[in-house]
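One-letter residues, chain by chain:
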Amino acid sequence: MNLSPTALLAAVCGTVAVLGLALAVYGAVGASGPAPARPPGRLQRRAREATTALRGRGRLLIAAAGAVGLLVWLLTSWLLGGLLTAAAILGMPWILQPGRGGKDRIERLEALEEWVRRLADIHTAGISLEQAVTSSVRSAPERIAPEISRLASRLATRWRPQDAYRQFADDLDDATADSVAALMIGHVHDRGAGLSTALKVLAGQLSEEVLMRRKIEADREKPRANMRWVSLFCLAVFGVSVVSGGYVAPYSTPFGHLLLLLLATAFAATLVWMRRMALSKPTPRFLSGPDTTSQEGT
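Conventions used here
- Residues numbered from 1 in each chain as written.
- Predicted model: local features only at pLDDT ≥ 70, side-chain atom pairs only at ≥ 80, totals over all residues.
- Heavy atoms only, no water.
- Helix = DSSP H or I, 4+ residues; strand = E, 2+ residues; numbered from the N terminus.
- Buried < 20%, exposed > 50% of the residue type's maximum accessible area, 1.4 Å probe, protein only.
- Contact = heavy atoms within 4.5 Å.
- Salt bridge = Lys/Arg side-chain N within 4 Å of Asp/Glu carboxyl O.
- Core = buried A, V, L, I, M, F, W, Y, C linked by side-chain atoms within 4.5 Å.
- Phe/Tyr/Trp six-rings, centres within 6.5 Å; stacked < 30°, edge-to-face > 60°.
- Lys NZ or Arg CZ within 6 Å of the ring centre and 35° of its normal.
- Axes fitted to C-alpha atoms, helices over the stretch in contact; angles between N-to-C directions.
- Parallel < 35°, antiparallel > 145°, perpendicular 65-115°, else oblique.
- Nonpolar A, V, L, I, M, F, W, Y, C, P; charged D, E, K, R; others polar.
- Expected span 1.5 Å × (residues − 1).
- Polar contact = N/O pair within 3.5 Å; in protein donor to acceptor, adjacent residues only side chain to side chain.

J.: Help me understand the overall build of the chain in this model?
T.: The helix and strand tally for the chain stands at 11 helices and 0 strands. Taken from N to C terminus, the helices and strands of the chain fall in the order α-α-α-α-α-α-α-α-α-α-α. A burial count over the chain gives 31% of its 298 residues as buried. Within the chain, contacts between residues separated by at least 24 positions form 73% of all contacts whose residues are at least 6 apart in sequence.

This is the structure we're talking about:
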């Protein structure tokens, strides 16, 4: 296929524009400002986690999607085909791992169960719960180490313990984790004996919860596998159609572009619908975040 000088110049200009946009996004996201005076809220933490993911494998995925999309555009002179190809590559992790979120929650819950057991062992030495939390930072499970470190920092900076524990539950954002925070809050109001025993019993309940969630995830794996195969088959058909030439010629017209966008939107909506069928809704939490007006102790 011969490219005219005008088409080649347009492709080069488009590449430069995409690279310029990528550099602008990198400059806005990659710059790190001063640490906030107070710990960030839930939305800020979610944005920070998304930014961290973008700086890692997300950058490589974006670069690969842009390169393949540009290659499709150059080989077929079909700009919309290149854009849809790039979008398909960007959505590939979402398609191939529809249950990743549920597995992550199970791993975090399993780490919480391990930490509660360690906390029970540390507390038997006769120290307070706050001191036990601080001592557990060094041996905290990796999956929840940031949350435990923030909890210890809040306790060390004179937060009211009950508010610190509520914020810890908000960090974990799980109904089962609320039971751990509720036990700690109850101990603040009643410094009686038996906390270590209660923590061990709670760790046993968390272990049973982990087993139950793993069974549920295993039952949901079959519809997720069906979703992956259907999605990959449709994307393969789309890839063959893009390089076939004459088959996609009707989509080169303005009406064809509009029709193709509608078909792509319907396909994406179907994937979202299938994904929701394969995902379980999280159990509603019973603890809310701390009151921001009373974060520091008196």
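From this point, things continue past the structure.
J.: Which parts of the structure should I look at to understand the pattern of salt bridges?
T.: Any two side chains of opposite charge can pair if their charged atoms end up close together. Taken as a whole and assessed by the stated rule, the structure comprises 15 salt bridges. When the shortest N-O distance is used, the salt bridge between Glu-113 and Arg-117 registers 2.4 Å. Highlighted residues: Glu-113 and Arg-117, both in helix α5 (residues 100–123), separated by 4 residues, approximately one helical turn. On the accessibility criterion, Glu-113 (12% relative accessible area) is buried. For the salt bridge of Arg-213 with Glu-209, the shortest nitrogen-to-oxygen distance reads 2.9 Å. Here the residue Arg-213 and the residue Glu-209 both occupy positions in helix α10 (residues 195–244), the gap between them amounting to 4 residues, near one helical turn.

J.: It is not clear to me how the nonpolar core should be interpreted in this structure. Could you clarify?
T.: General note: in soluble globular proteins, nonpolar side chains tend to be found buried as a group. Among the nonpolar cores identified, the biggest contains 35 residues, and Leu-112, Trp-115, Val-116, Leu-119, Leu-151, Tyr-165 and Val-180 are the most heavily contacted of them. Secondary-structure elements contributing two or more residues to this core are α5, α6 (129–135), α7 (145–156), α8 (161–172), α9 (175–189) and α10. Considering each element in turn, this core owes the most residues, 8 residues, to α5. Once residues within four sequence positions are removed from consideration, Val-116 is found in contact with Val-180, Leu-199, Ala-203 and Leu-206.

J.: Can you help me understand the packing of aromatic side chains in this one?
T.: Two measures describe an aromatic ring pair: the distance that separates the ring centres and the angle between the ring planes. Following the criterion strictly, the structure yields 1 aromatic pair and no others. Their ring planes at 55 degrees and their centres at 5.4 Å tell us that Trp-115 and Phe-168 sit as a pair that is tilted. Here Trp-115, found in helix α5, pairs with Phe-168, found in helix α8; they are 53 residues apart in sequence, far enough to count as distant. What makes Trp-115 buried here is its relative accessible area of 0%. For Phe-168, a relative accessible area of 0% gives the class buried. For Arg-154, the ring lying beneath its charged end belongs to Trp-159, and the centroid distance is 5.3 Å.

J.: Even after reading the chapter, I still don't get the packing of α8 against α9, so can you show me in this structure?
T.: When two helices pack together, their arrangement is given by the angle between their axes and by how far apart the axes lie. α9 packs onto α8 with a crossing angle of 180 degrees between their chain directions and a minimal axis gap of 9 Å. In terms of axis orientation, α8 runs roughly antiparallel to α9. Of α9, the residues touching α8 (which contributes Pro-161, Gln-162, Tyr-165, Arg-166, Ala-169 and Leu-172) are Ala-177, Asp-178, Ala-181, Met-184, Ile-185, Val-188 and His-189. Residue composition of the contact of α8 with α9, grouped by class: 9 nonpolar, 2 polar and 2 charged.

J.: Before we go on, may I ask you to explain α9 in this structure?
T.: The periodicity of an α-helix, 3.6 residues per turn, causes residues three or four places apart in sequence to face the same way. With 15 residues, α9 should reach 21 Å at 1.5 Å per residue; the first-to-last C-alpha distance of 22 Å fits that figure. Within the sequence span of α9, burial applies to Ala-175, Thr-176, Ala-177, Asp-178, Val-180, Ala-181, Met-184, Ile-185, His-187 and Val-188. Where α9 begins, the side chain of Asp-174 points an oxygen toward the backbone nitrogen of Thr-176, at a separation of 2.8 Å.

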